[in-house]
Amino acid sequence: MRLFTAGESHGAGLVAVLDGVPAGVPIAAADIDGDLRRRQLGYGRGARQRIERDAVSITGGVRHGRSTGAPIALQIANRDAVNWERVMSVEPVTEPPAAITRLRPGHADLAGALKFGHEDVRDVIERSSARETAARVAAGAVAKAVLRLVGMEVRSETKAISDVVSEPRFDAEAVEASEVRCADRARSDAMVAAIAAARDAGDTLGGIVALRVSGVVPGLGTSAQWDRRLDGRIAQALVSIQSAKGVQFADAFAAARERGSAVHDPITVRDGHFTRTRNRAGGLEGGMSNGEDITLEVAFKPISTLMKPLPSADLRTGEPSPALVERSDVCVVPAAGVVAEAMLAFVLADALVEKFGCDTADDLVAAVERYRARLRPIDQRA
Ligand code: EPS
């Protein structure tokens, strides 16, 4: 399965092309729009989310509510584009807008301008913007539909915003009822208060998103080659999210300080099936899923556009110049959880079709059922 996205934050819109989805997967625009809406929510989001009403237009690969096996093309229009026609014009304009040359520390501004030779930082930030994640979320909703065929489900919850930490329960109703996607009511309120205080101080906050995948088919990924290992592929996809700075599987950094006897999960057989008596591996051993829930966390840095800007320099003159101040978010951790679900779903759906074939949904389901039937101790196989 392959995913490409294109489009600028204030251009006409965003595009995702998802290739390799089996034929016959039920796909509804309403499901995709549900995830797009969840991505737009969250206390601490900027004014842009009051302008946009993200909705997908499916322009390829789906007919009569089912995938056809052709590449799936998804488009999301930017409602804000009408306010940016001259700035974002595809054709040359007679009166070009003033170039942005004030560089924001923490953003792609400086590295991107130097790398691509741009004299206007706008040419970098339009694509590095996290607006692009709307396209990822749309594609992720399709990946979730593939996973649903075999009973796999991806959930997320905010574990921390700044120093307010909550133990995730993955209770979907409670998570979605919280303005910060945290099921613990008291911690959710404390997170909201922390974001409000940061906003009042002209500052921003980061945090941690926890993810859990249930119903996992064992044996996704492989121990046989480094670049096909599932944990590595998951980490790459999650760290590629704007503002993401780290991933840990289960409680990897705590486990690194313990002994092996406390960290590894004893194997047992229940109802004729192999299982583990605990899950400190986070559902991954040897670069493969082991059938237990996949559990992991992603760390997101505080948003780098600050209302009280840091010292910086001007791209043209090199003179000291405070960073650009633009409309922005105070905290994106709640939205980042929805984006992380999408990226995790994409990697897992990719690994699933890689192992079981990708021509039809029925073939995929039948292959998984046949495979699951042999995952027993050797003498107990049918
Ligand atoms: C975003 C839209 C953007 C930002 C945000 C993500 O809108 P605008 O730039 O018009 O205010 O709110 O982008 C960033 C956080 C970033 O650093 O670029 C969105 O739709 O998610």
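Quick note: structure is the one above.
Residues numbered from 1 in each chain as written. Predicted model: local features only at pLDDT ≥ 70, side-chain atom pairs only at ≥ 80, totals over all residues. Heavy atoms only, no water.

**Student:** Can you walk me through the sheet that holds strand E7 (residues 153-161) in this structure?
**Tutor:** Backbone-to-backbone hydrogen bonds pair the strands of a sheet. The strands run either parallel or antiparallel. Taking strand neighbours across the sheet as the criterion, the five strands line up as E8-E7-E9-E15-E10 in an open arrangement whose pairing is antiparallel. On the outer flanks of this sheet lie strand E8 (164-165) and strand E10 (244-249), each paired with one strand and no other. Pairing of E7 with strand E9 (residues 207-214) involves eight bridges; the strand directions are antiparallel. Across the sheet, Glu153 pairs through a bridge with Ser214, a residue of E9. Each of E7, E9 and strand E15 (294-300) is contacted by helix H11 (residues 333-356), which is oriented at about 145 degrees to E7, the strand it contacts most. (Pairing = 2+ DSSP bridges. Helix = DSSP H or I, 4+ residues; strand = E, 2+ residues; numbered from the N terminus. Contact = heavy atoms within 4.5 Å. Axes fitted to C-alpha atoms, helices over the stretch in contact; angles between N-to-C directions.)

**Student:** Can you help me understand the site of the ligand in this one?
**Tutor:** Surveying the vicinity of the ligand reveals the residues His10, Arg39, Arg45, Arg48, Gln49, His107, Ser129, Ala130, Arg131, Ile303, Arg327 and Asp329. Measuring from an oxygen atom of the ligand, one finds a side-chain N or O atom of Arg131 at 3.2 Å. Look at the ligand: alone it shows 480 Å² of surface, and the protein chains cover 92% of it. By residue class, the composition of the shell around the ligand is two nonpolar, four polar and six charged. (Near = heavy atom within 4 Å. Polar contact = N/O pair within 3.5 Å; in protein donor to acceptor, adjacent residues only side chain to side chain. Areas by Shrake-Rupley, 256 points an atom, 1.4 Å probe, with all protein chains shown as cover. Nonpolar A, V, L, I, M, F, W, Y, C, P; charged D, E, K, R; others polar.)

**Student:** Quick question: what am I supposed to make of the pattern of salt bridges here?
**Tutor:** When the charged atoms of two side chains lie near each other, side chains of opposite charge can form a pair. Applying the stated criterion across every chain, the model contains 33 salt bridges. The shortest N-O distance in the salt bridge between Arg38 and Glu176 comes to 3.0 Å. Here Glu176 lies in helix H6 (residues 172-177) and Arg38 lies in helix H1 (residues 29-40), a separation of 138 residues in the sequence. Judged by its relative accessible area of 17%, Arg38 falls in the buried class. Take Glu176: its relative accessible area is 38%, and that puts it in the partly exposed class. Among the salt bridges present, the one from Glu153 reaches Arg155, with a minimum N-O distance of 3.4 Å. A residue is classified by how much of its surface remains accessible, and Arg155, at 26% relative accessible area, is partly exposed. (Salt bridge = Lys/Arg side-chain N within 4 Å of Asp/Glu carboxyl O. Buried < 20%, exposed > 50% of the residue type's maximum accessible area, 1.4 Å probe, protein only.)

**Student:** How should I be thinking about the packing of H11 against helix H12 (residues 361-373) in this particular structure?
**Tutor:** When two helices pack together, their arrangement is given by the angle between their axes and by how far apart the axes lie. Relative to each other, H11 and H12 sit at 80 degrees, their axes nearing to 10 Å. Comparing the axis directions of H11 and H12 gives the class roughly perpendicular. On the side of H11, the interface is formed by Leu352, Lys355 and Phe356, while H12 contributes Leu364, Ala367, Val368 and Tyr371. (Parallel < 35°, antiparallel > 145°, perpendicular 65-115°, else oblique.)

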